[in-house]
Amino acid sequence: QKEVEQDPGPLSVPEGAIVSLNCTYSNSAFQYFMWYRQYSRKGPELLMYTYSSGNKEDGRFTAQVDKSSKYISLFIRDSQPSDSATYLCAMSARLRGAQKLVFGQGTRLTINP
Amino acid sequence: NAGVMQNPRHLVRRRGQEARLRCSPMKGHSHVYWYRQLPEEGLKFMVYLQKENIIDESGMPKERFSAEFPKEGPSILRIQQVVRGDSAAYFCASSPPQREGEETQYFGPGTRLLVL
């Protein structure tokens with residue numbers, strides 16, 4: 001079993017729709033949760049970072065963490081064609097000062113005009 | 001404020017040659033991480049370095065791969081005697097000194113290695 005599971009998609013939705021992306025994890029030591037966006041042939045770009053359970057909102061993006069269920073989500077409101085990208089969840093546990101990130105496989109999202 | 005810089009962006013090598021990938025972290029960042037991304041897969045951690053120290057290399061293959069982050073200059077990921085299976089995108093990330101709430105890592109554009 002992978003430490004982090006993420007449906008690779010692809011996911012295709014019409015412009016303006018609400019998008020829900022999810023990851024589950026098995027390691028209860030994970031404390032820090034991130035969402036990255038990666039455009040084709042580019043580096044991952046940090047979108048959201050959360051530390052505790054609950055919701056965190058930033059513009060059209062909302063990150064949700066449920067540590068009891070080991071489940072995290074990213075919601076995108078009013079989705080735009082420019083949101084078309086691969087979305088990677090990542091998480092980490094501080095160990096000897098190291099913060100190596102464990103990534104999900106990534107979900108490929110397409111927003112259709 | 002320049003982001004994480006990596007070069008070359010694309011690298012072609014024949015089997016058996018050496019590949020050297022370079023990474024300059026963001027200004028003020030003293031921690032460097034290397035990740036590898038195989039086609040259709042997520043990123044996999046390879047190694048974590050601070051200046052002149054390898055802190056965690058648990059993700060590095062035992063042979064042919066090495067990394068360094070000297071006192072002066074960029075971090076180097078070195079792959080000796082490359083094989084076709086080394087073809088991948090290699091990403092470097094950097095972060096500021098590790099304090100609570102500052103665990104975020106910022107990624108460079110990657111080096112795409114193709115082994116012929």
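Relevant structure appears above.
So what exactly am I meant to see when it comes to the sheet that holds strand E1 (residues 5-7) of chain B here?
Hydrogen bonds between backbone groups are what pair the strands of a sheet, and the pairing can be parallel or antiparallel. Residue and element names in this part refer to chain B. Spatially, E1-E3-E8-E7 is the arrangement adopted by the four strands of the open sheet, whose pairing is antiparallel. Two strands in the sheet have a free side with no partner beyond their single neighbour: E1 and strand E7 (65-68). On average, each strand axis in the sheet is inclined to that of its neighbour by 15°, with strand direction left out of account. Bridging between E7 and strand E8 (residues 75-79) involves four bridges; their strand directions are antiparallel. Pairing of Phe-65 across the sheet is with Ile-79, part of E8.

Quick question: what am I supposed to make of the packing of aromatic side chains here?
A ring pair, where both rings are aromatic, is described by two values, the distance of the centres and the angle of the planes. Under the defined criterion, the tally for this structure stands at twelve aromatic pairs over all chains. Taken together, a centroid distance of 5.9 Å and an interplanar angle of 75° make the contact between Phe103(A) and Phe107(B) edge-to-face. Highlighted residues: Phe103(A) in strand E10 (residues 102-103) and Phe107(B) in strand E10 (residues 106-107), drawn from two different chains. Given a relative accessible area of 6%, Phe103(A) falls into the buried group. Of the residues examined, Phe107(B) reaches a relative accessible area of 11% and is grouped as buried. One aromatic cluster is present, built from ring pairs that chain together Tyr36(A), Phe103(A), Tyr33(B), Tyr35(B), Phe45(B), Tyr48(B) and Phe107(B). In this arrangement the basic side chain of Lys67(A) is found over the ring face of Tyr51(A), its NZ or CZ atom lying 5.5 Å from the centre.

So what exactly am I meant to see when it comes to the pairing of strand E11 (residues 107-112) of chain A here?
On a regular strand, each side chain points to the face opposite its neighbour's, so the side chains alternate between the two faces of the sheet. Residues and elements named next belong to chain A. Because side chains alternate across E11, one face comprises the buried residues Thr-107, Leu-109 and Ile-111, and the other comprises Arg-108, Thr-110 and Asn-112, none of which is buried. Here strand E2 (residues 11-14) pairs with E11 via four bridges, running parallel. Bridging across to E11, Leu-11 finds its partner in Leu-109. Of the strand pairs in this sheet, strand E9 (residues 85-92) and E11 are connected by three bridges, and their pairing is antiparallel. Residue pairing across strands places Ala-85 opposite Leu-109, the latter belonging to E11.

Procedures and definitions
- Residues numbered from 1 in each chain as written.
- Chains lettered and ligands numbered in written order.
- Predicted model: local features only at pLDDT ≥ 70, side-chain atom pairs only at ≥ 80, totals over all residues.
- Heavy atoms only, no water.
- Pairing = 2+ DSSP bridges.
- Helix = DSSP H or I, 4+ residues; strand = E, 2+ residues; numbered from the N terminus.
- Axes fitted to C-alpha atoms, helices over the stretch in contact; angles between N-to-C directions.
- Phe/Tyr/Trp six-rings, centres within 6.5 Å; stacked < 30°, edge-to-face > 60°.
- Buried < 20%, exposed > 50% of the residue type's maximum accessible area, 1.4 Å probe, protein only.
- Lys NZ or Arg CZ within 6 Å of the ring centre and 35° of its normal.

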